[in-house]
Amino acid sequence: MSRIGRLPISVPKGVEVTIDGQDVKVKGPKGELSHTVAEPITVSQEDGTITVARPDDKPENRSLHGLTRALLANLIEGVSKGFAKTLEIHGVGYRVQAKGSNLEFSLGYSHPVVVEPPEGISFRVEKPTLLHVEGIDKQLVGQVAANIRSLRKPDPYKAKGVRYQGEYIRRKAGKAGK
């Protein structure tokens, strides 16, 4: 059995899970999410817990077992608590400011870079060099944070750029002088 796939998912109070064949809908205080489970995997609910099962031990089914359980657990956590990624900006003159719901970055380019949030994502600027990407969909929060980081990736020589909070940048030595 999959170590992750066999674990039951507990449904917290205030979260409602609806299973209709292969479609799973999760509704909670922060919003509503849905997921379509891959064909051989089955999902059942009893007494406030959700269990994921697979029909046999084929490699495809084994990999889908743990994946499906993790995705469903992320749906439940997202509608109850939400997800957030924190980004830091390092560099002289590099900053971010909120313009309505959009973000405007000054990252050393000749123009400011404006980022609009997709539906279900909100931005919170704590300081001109610290921002939070928040939402209920874990995949979407991670993708938006990665897109923002790609605007100016951290430089290995001077460590300037946009990075995740706590991310370690391996520094390289510059040219050897004469």
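The chain has the name Large ribosomal subunit protein uL6 in an unreviewed UniProt entry, where Nocardiopsis mwathae is given as its organism. The heading Subunit (unreviewed entry) in the UniProt record of the chain holds the text "Part of the 50S ribosomal subunit." Per UniProt, the comment on the chain under Sequence similarities (unreviewed entry) is "Belongs to the universal ribosomal protein uL6 family."

Glancing now at the packing of aromatic side chains. Taken as a whole, this structure holds zero aromatic pairs when the rule is applied. One residue, lysine 85, lies across the ring of tyrosine 164, its end atom 5.1 Å from the ring centre. Just above the ring of tyrosine 109 sits the side chain of arginine 152; from NZ or CZ to the centre is 4.3 Å.

The subject of this paragraph is helix H2 (residues 138-149). An ideal rise of 1.5 Å per residue puts 16 Å on twelve residues; H2 measures up with 17 Å between its terminal C-alpha atoms. If you check which residues of H2 are buried, you get Val141, Val144, Ala145, Ile148 and Arg149. Considered in projection along H2, the buried side chains sweep an arc of 140 degrees and stay on one side of the axis. Buried residues along H2 sit in contact with strand E7 (83-90), strand E9 (102-106), strand E10 (113-115), strand E11 (121-127), strand E12 (130-135) and strand E13 (161-164).

On to the pattern of salt bridges. According to the stated counting rule, one finds four salt bridges in the structure shown. Its salt-bridge partner being arginine 124, residue glutamate 126 comes within 3.8 Å of it at the nearest N-O pair. By relative accessible area, which is 48% here, glutamate 126 ends up partly exposed. On the basis of relative accessible area, arginine 124 is assigned to the partly exposed category, the value being 39%. One salt bridge connects glutamate 134 with arginine 124, and the closest N-O pair in it is separated by 3.0 Å.

Residues annotated in UniProt with the feature "domain: Large ribosomal subunit protein uL6 alpha-beta" (unreviewed entry) correspond here to residues 11-82 and 91-164. Each end of residues 11-82 is marked by a C-alpha atom, and these two atoms are 15 Å apart; helix forms 31% of the span and strand 38%. A helix fraction of 16% and a strand fraction of 41% characterise residues 91-164, whose end C-alpha atoms lie 14 Å from each other.

To continue, consider the sheet that holds E12. The strand order across the open sheet built from four strands is E11-E12-E7-E13, with neighbouring strands paired in antiparallel fashion. Single-partner strands in this sheet number two, and they are E11 and E13. Along the sheet, successive strands turn relative to each other by an average axial angle of 25 degrees, direction set aside. Where E7 meets E13, four bridges bridge the pair, whose relative direction is antiparallel. Note that in E13 the partner of histidine 90 across the bridge is glycine 161. Seen against the sheet, H2 touches E7, E11, E12 and E13 and runs at an angle of roughly 10 degrees to E7.

Rules and cut-offs
- Residues numbered from 1 in each chain as written.
- Predicted model: local features only at pLDDT ≥ 70, side-chain atom pairs only at ≥ 80, totals over all residues.
- Heavy atoms only, no water.
- UniProt positions renumbered as here; feature names shortened; annotations may be inferred.
- Phe/Tyr/Trp six-rings, centres within 6.5 Å; stacked < 30°, edge-to-face > 60°.
- Lys NZ or Arg CZ within 6 Å of the ring centre and 35° of its normal.
- Helix = DSSP H or I, 4+ residues; strand = E, 2+ residues; numbered from the N terminus.
- Expected span 1.5 Å × (residues − 1).
- Buried < 20%, exposed > 50% of the residue type's maximum accessible area, 1.4 Å probe, protein only.
- Arc of directions from axis to C-beta.
- Contact = heavy atoms within 4.5 Å.
- Salt bridge = Lys/Arg side-chain N within 4 Å of Asp/Glu carboxyl O.
- Pairing = 2+ DSSP bridges.
- Axes fitted to C-alpha atoms, helices over the stretch in contact; angles between N-to-C directions.

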